[in-house]
Amino acid sequence: MGLSATVWRLTDARGRLAQCIISERDGRWHLMVRQGTKILIAERCPSDDAALMRANEILDTLKERGWIEPLH
């Protein structure tokens with residue numbers, strides 16, 4: 001059984017919600033950024049720390065491009 005956690009949520013300029021999810025299955029770490037049913041980014045990471053660092057890099061990049069945290 002694996003572990004899964006939503007690390008952050010942001011909305012784009014059109015108000016569409018995206019979320020970053022990090023999951024572990026069988027000792028492998030996966031990072032996924034989803035917007036509705038679309039997968040915007042999917043990557044494998046060597047560790048949970050690496051996955052969190054990558055999630056923060058993506059968060060910073062999206063915020064620089066105008067994405068914001070949801071109001072609710």
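Above: the structure in question.
Throughout this description, residue numbers start from 1 for each chain and increase along the sequence as written. Per-residue local features of the predicted model are confined to residues with pLDDT of at least 70, and side-chain atom pairs are confined, for both listing and counting, to 80 or more; whole-chain, interface and lining totals are unaffected and use all residues. Values shown for side chains rest on all heavy atoms present in the structure; no hydrogens or waters enter the calculation.

Caption draft 1: Representation of the nonpolar core in the model. Side-chain atoms within 4.5 Å link the members of a nonpolar core, which is a set of buried Ala, Val, Leu, Ile, Met, Phe, Trp, Tyr and Cys residues. Only protein chains enter the accessibility calculation, which uses a 1.4 Å probe; a residue whose area is less than 20% of its type maximum is buried, one above 50% is exposed, and one in between is partly exposed. Formed by 15 residues in total, the largest nonpolar core has its most connected members in W8, L31 and V33. Each helix corresponds to a stretch of at least 4 residues labelled H or I by DSSP, and each strand to a stretch of at least 2 residues labelled E; elements are numbered beginning at the N terminus. At the level of elements, β1 (3-11), β2 (17-25), β3 (28-35) and α1 (48-64) are the ones that each hand at least two residues to this core. Ranked by residue count, the leading element in this core is α1, at five residues. In contact with V33, other than residues within four places in its own chain, are W8, A18, Q19, C20, K38, I39, L40, I41 and I58. We call two residues in contact when some of their heavy atoms are within 4.5 Å.

Caption draft 2: Highlighting the pairing of β2. If DSSP finds at least two bridges between two strands, the strands pair. Relative to β2, β1 runs antiparallel, the two sharing eight bridges. Of the residues in β2, the one forming a bridge with T6 is I21. Here β1 folds back onto β2 in antiparallel fashion, the turn holding five residues, of which G15 has a positive phi close to 85°. Sheet analysis places β2 next to β3, joined by seven bridges and oriented antiparallel. Bridge pairing links S23 to H30 in β3. Where β2 folds back onto β3 in an antiparallel hairpin, the turn is made up of two residues, including D26, whose phi is positive at roughly 55°.

Caption draft 3: Region of interest: the side chain of E24. Mapping E24 onto the fold places it in strand β2. The side chain of E24 is buried and forms no salt bridge, while R25, the nearest opposite charge, is found at 7.9 Å. Counting of polar contacts relies on pairs of N or O atoms within 3.5 Å, with two restrictions inside protein: one atom must be capable of donating a hydrogen and the other of accepting it, and residues adjacent in sequence are counted only when both atoms are side-chain atoms. Separated by 2.7 Å, the side chain of E24 and the backbone nitrogen of G27 make a polar contact. When residues no more than four places from it in sequence are discounted, the contact partners of E24 are G2, L3 and W29. Here Asp and Glu are counted as negative and Lys and Arg as positive; His is not counted, and neither are the chain ends. Every case where a carboxyl oxygen of Asp or Glu lies within 4 Å of a side-chain nitrogen of Lys or Arg is listed as a salt bridge.

Caption draft 4: Spatial organisation of the sheet that holds β3. Taken in spatial order, the four strands of this open sheet run β1-β2-β3-β4, and their pairing is antiparallel. The open sheet has two edge strands with one neighbour each: β1 and β4 (38-45). Here the average twist between neighbouring strands, direction ignored, is 15°. Pairing geometry for β3 and β4, over seven bridges, is antiparallel. Residue pairing in the sheet places V33 in a bridge with I41 of β4. Running over the sheet, α1 touches β1, β2, β3 and β4 and is turned about 10° from β1. Interaxial angle, 0 to 180 degrees, is taken between N-to-C directions of lines fitted to C-alpha atoms, where a helix line uses only the stretch in contact.

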